[in-house]
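# Structural overview for review
Here is how the chains run, residue by residue.
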Amino acid sequence: MSNMAAVRKALIAAAVAAFAALLGRAFLQIKEISLSSREIPVKRLNCQHLKNIDYGAEDITILKDGLAFLSTGLKYPGLPSFSDEPGKMYVLDLLQPKMSPVELQIKGQLDLKSFNPHGISVYEDETDDSIYVFVVNHPEHKSQVEIFRFEEEDTLVHLKTITHSLLHSVNDIVAVGVEHFYATNDRYFQHEALQLLTFIFDLYWCEVVYYSPQEVRVVAGGFKSANGINISPDRQFIYVSDIMDHEIDIFKRNEEEQLAYVKSVAVGSLCDNIEVDHRTGDIWLGCHPNGLKLLKFDPEDPPGSEVIRIKNIHSERPILSLEYGDDGRQLMASTVAAPYEGKLLLGSVFHKALHCVL
Amino acid sequence: MGKWTVLSVVVLLVALLLGERFTAVRRRFLVDRVVANNHLQNCVELKHLDHGAEDITIVGDGLAFISSGLKYPGLPTSDIPGKIFILDLHDPRLKPVELRLPRSFDVESFNPHGISVYIDPSDDSVYLLVVNHPQHKSQIEVFKYDEEDRSLLHIKTIQHELLHSVNDIFAVGPESFFATNDHYFSNELLKYLEFLLLQPWTNVVFYSPKEVKVVSEGYYFANGINMSPDKQHMYVADIFDHNIHVLERKEDNMLTRVKTVDVASLCDNIEVDPESGDLWLGCHIDAKKVFIFDPKDPPGSEVIRIQNIHSDQPVVTQVYADDGHVLMGSSVATVYGDKLLIGTVFHKALCCDFK
């Protein structure tokens, strides 16, 4: 055959080979990112299920005085949900012996039928001791942030709904003022297949956004999927969980609300929300040991849970330890672990919430 | 095409090949893998085992044989010759005792690796078979355990060309055993090259006075080997393929593959609980940290248990994990009663409470 035809055949063969290699690599990437072969770590604690919490408690945050806020009933596209009702907010007083979460009444102009709460954060205003509760809400799978004021021990008064084009796929927030917060976007593309491609091709396109009434801007980028976000006890550092990159990224926060990247700590798991022990500065993470089991939910082979604690995160050698590990029989798909004086509250995407003794 | 074109294409191909190999090896070695600490209660260091306890096997009534002092090419070593220890798990003091080797035996070059115990049903004699690497060669030493004297009588040394890089053995008679070869090449230089090639070329060999043959092939690095309590199946750990192979043992001692259980870790030796049939594995977290040892960034340890391995859904769980600051390079884990023993290639051995 002629030279040209031979060259053309060779090029086609090379193209097919390259495509096959790319597909193979994509398959391996998904396997590795989702930690799909990983063994289940087991660590038992003395735990009890929290009453009334049956459809998940995606985020939990505990105030210094032992008051815990829980966001429940999340419906997230692609993840299981067993509730037909809208999401709800609960409060639990850890200092009370009874230990039963109480549903918070929501007053004000907010459509409760489409309430779909995700990440939460609480801001305590020192000037008048008001407690502001910020909740990421996904009515009809949109993204907005609701600001409430906590009143009379069982009520959330709705103050404001915040929407912005930069807040397009908010996962979690951390409040730094009465109407000021940092938010994580957990996807770049709304379309699931396109977003999957960003994971396969190692595209770090997700961002952290700072919101204030005066300005809204992107303050950090380069995340595969920014999930949980929280702040150090001295308010100097912001912690972000890049769930798909299996690490916690640390940023220094300055007066102008700019974030400077400090370092990353690898965690070896898909970690969701971050809670910070205000006394020790320890980081507590609710994680998914196996991402594939979460996405392809099978009640016979359920997604497990694990809780990882990071001590001395700012030192040269942070120490990671497994604080809880379960194969899904006690708790499926843990997303958050909030410590309080020797106790630990665990939340999940769609399952239950646990109260454990450390 | 000109000479330069050919040359550049060749250089490009070699670069691609090396790059691909480099990436492939990094994947198999689980480089930069992070595992959070998962510690057990009341772990105590076993005395005298500071130079490793690469393999531990428990027989009969709580008697543990331990091989210590392995010198493996590429791994950190000491000058102390290898030793065999015995530990009575019923003695609350938990003190390993060194077994005396015969005077005629070349103690200086003793470099023990995998071990296996065979109890002769006719007279209850205890035979200890030990993989030995004097001057990094491979041979199997057959000893008889003398309980009263706390010593080992040397019966014979077994060498064979098919047993060229033995890692572990499983004894089925006083002089019969299954052995894993962890390399394909016998030449020392080529053995180093094998780490770059990492192909499924290693095998399992059956040795008996009557016949010696290859009984299973296709392992990236056949490491630990053990047998099910009913003697129907054998288990082989392919450390760089991150899995355990379950094989059926045929009448003629050939092994056929039944299934493979993914463990997502670098598992070394296999111990089997005689009652439950559970597999206990001592594993490494990152092979690069084992071969390129840096005390500031030490190799970690992981203990994995496989339950119901013959069912449709084996349960693989992590029982213990450490980032290397407590225990470095675990290679074996075994349970007896409420205790878990964890041995390492060159570090120490722990005994932990385990329910």
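Residues numbered from 1 in each chain as written. Chains lettered and ligands numbered in written order. Predicted model: local features only at pLDDT ≥ 70, side-chain atom pairs only at ≥ 80, totals over all residues. Heavy atoms only, no water.

### Overview of the UniProt feature "active site" (unreviewed entry) in chain A
All names here are of chain A.
- Mapped onto this structure's residue numbering, the UniProt feature "active site" (unreviewed entry) falls at His118.
- Tracing the sequence through the fold places His118 in strand E8 (residues 117–125).
- The class of His118 is buried, set by a relative accessible area of 2%.
- For His118, the residues in contact, after removing those within four places along its chain, are Glu58, Asp59, Ser71, Leu74, Tyr76, Val135, Val136, His138, Val170, Asn171 and Asp186. (UniProt positions renumbered as here; feature names shortened; annotations may be inferred. Helix = DSSP H or I, 4+ residues; strand = E, 2+ residues; numbered from the N terminus. Buried < 20%, exposed > 50% of the residue type's maximum accessible area, 1.4 Å probe, protein only. Contact = heavy atoms within 4.5 Å.)

### Some points on the packing of aromatic side chains
Residue and element names in this part refer to chain A.
- Throughout the structure, instances matching the rule amount to 31 aromatic pairs over all chains.
- Each ring, one from Phe181 and one from Tyr211, has its centre 5.0 Å from the other, and the planes form 15°; the classification is stacked. Note that Phe181 is positioned in strand E13 (residues 180–185) and Tyr211 in strand E14 (residues 206–211), a separation of 30 residues in sequence. Across the pair, Tyr211 and Phe181 agree in class, each one buried. (Phe/Tyr/Trp six-rings, centres within 6.5 Å; stacked < 30°, edge-to-face > 60°.)

### Observations regarding the UniProt feature "active site" (unreviewed entry) in chain B
Residues and elements named next belong to chain B.
- According to UniProt, the positions carrying the feature "active site" (unreviewed entry) are His113.
- Examined against the element boundaries, His113 turns out to sit in strand E6 (residues 112–119).
- Those residues in contact with His113, other than ones at most four positions away along the chain, are Glu54, Asp55, Ser67, Leu70, Tyr72, Val130, Val131, His133, Val166, Asn167 and Asp182.
- Of note is the side chain of His113, whose polar atom sits 2.9 Å from the side chain of His133. (Polar contact = N/O pair within 3.5 Å; in protein donor to acceptor, adjacent residues only side chain to side chain.)

### Brief notes about the sheet that holds strand E22 (residues 330–336) of chain B
All names here are of chain B.
- One open sheet holds the four strands; their spatial order is E1-E24-E23-E22, and the pairing between them is antiparallel. Each edge of the sheet is formed by a strand with only one pairing partner; in this case those strands are strand E1 (44–45) and E22.
- Examined bridge by bridge, strand E23 (residues 339–344) and strand E24 (residues 350–353) share four bridges and lie antiparallel to one another. When the sheet's bridge partners are listed, Leu341 is paired in E24 with Cys351. (Pairing = 2+ DSSP bridges.)

### Quick notes on the packing of helix H1 (residues 3–28) of chain B against helix H2 (residues 188–197) of chain B
All names here are of chain B.
- Packing of H1 against H2 leaves a shortest axis separation of 8 Å and a crossing angle of 85°. As judged from the angle between their axes, H1 and H2 are roughly perpendicular. In this structure, H1 uses Leu18, Arg21 and Val25 to contact H2, whose residues at the interface are Phe195, Leu196 and Leu197. (Axes fitted to C-alpha atoms, helices over the stretch in contact; angles between N-to-C directions. Parallel < 35°, antiparallel > 145°, perpendicular 65-115°, else oblique.)

### Brief notes about the environment of Gly324(B)
Residue and element names in this part refer to chain B.
- Summarising the element assignment, Gly324 is placed in the loop between strand E21 (315–322) and E22.
- Take Gly324: its relative accessible area is 5%, and that puts it in the buried class.
- The spacing of Gly324 and His284 is 40 residues in sequence and 9.9 Å in space, taken between C-alpha atoms.
- Excluding residues that lie within four positions of it along the chain, Gly324 makes contacts with Pro298, Pro299 and Gly300.

### What about the UniProt feature "binding site: Ca(2+)" (unreviewed entry) in chain A?
Residues and elements named next belong to chain A.
- Annotation from UniProt places "binding site: Ca(2+)" (unreviewed entry) at Glu58, Asp59, Ile120, Asn171, Asp172, Asn227, Asp272 and Asn273. The largest pairwise C-alpha distance within this set of annotated residues, which runs over 216 residues, is 12.9 Å, so the set is compact in three dimensions.
- The topology assignment puts Asn171 in strand E12 (residues 170–177).
- For Asn171, a relative accessible area of 3% corresponds to the buried category.
- Excluding its chain neighbours within four sequence positions, the residues that come into contact with Asn171 are Glu58, His118, Gly119, Val136, Thr184, Asp186, Ala226, Asn227, Asp272 and Asn273.
- In this structure, Asn273 sits in strand E20 (residues 270–276).
- In this structure Asn273 comes out as buried when scored by relative accessible area, which is 0%.

### Topic: the pairing of strand E13 (residues 212–219) of chain B
All names here are of chain B.
- Where strand E12 (residues 202–207) meets E13, six bridges bridge the pair, whose relative direction is antiparallel. Its bridge partner lying in E13, Asn203 is registered against Glu217.
- Hairpin connection from E12 to E13: four residues lie between these consecutive antiparallel strands.

### Digging into the sheet that holds E14(A)
Residues and elements named next belong to chain A.
- Taking strand neighbours across the sheet as the criterion, the four strands line up as E12-E13-E14-E15 in an open arrangement whose pairing is antiparallel. Both edges of this open sheet fall to E12 and strand E15 (216–223), since each of them pairs with a single strand only. Direction aside, neighbouring strands of the sheet carry axes that sit 20° apart on average.
- For E12 and E13, the ladder comprises five bridges, and the chain directions are antiparallel. Residue pairing in the sheet places Gly177 in a bridge with His180 of E13.

### A short note on the state of the cysteines
All names here are of chain A.
- Summed over the entire model, instances satisfying the criterion amount to four disulfides over all chains.
- Here Cys271 connects covalently by a disulfide to Cys287, the sulfurs 2.1 Å from one another. With the S-S dihedral at roughly 90°, the linkage between Cys271 and Cys287 falls on the right-handed side. Pair noted here: Cys271 is in strand E20 and Cys287 is in strand E21 (residues 283–288), with a separation of 16 residues, a long-range link. Take Cys271 and Cys287: they sit in the same class, and that class is buried. (Disulfide = S-S within 2.5 Å.)

### Thoughts on the pairing of strand E4 (residues 67–72) of chain A
Residue and element names in this part refer to chain A.
- With six of six residues buried, E4 lies mostly within the body of the structure.
- The side-chain alternation of E4 yields two buried faces, one formed by Leu67, Phe69 and Ser71 and the other by Ala68, Leu70 and Thr72.
- For strand E3 (residues 57–62) and E4, the ladder comprises five bridges, and the chain directions are antiparallel. Residue pairing across strands places Asp59 opposite Ser71, the latter belonging to E4.
- The antiparallel hairpin formed by E3 and E4 contains four residues in its connecting segment, where Gly66 sits at a positive phi of about 90°.
- In terms of strand pairing, E4 meets strand E5 (residues 88–93) through six bridges, oriented antiparallel. Across the sheet, residue Thr72 finds its bridge partner in E5, namely Lys88.

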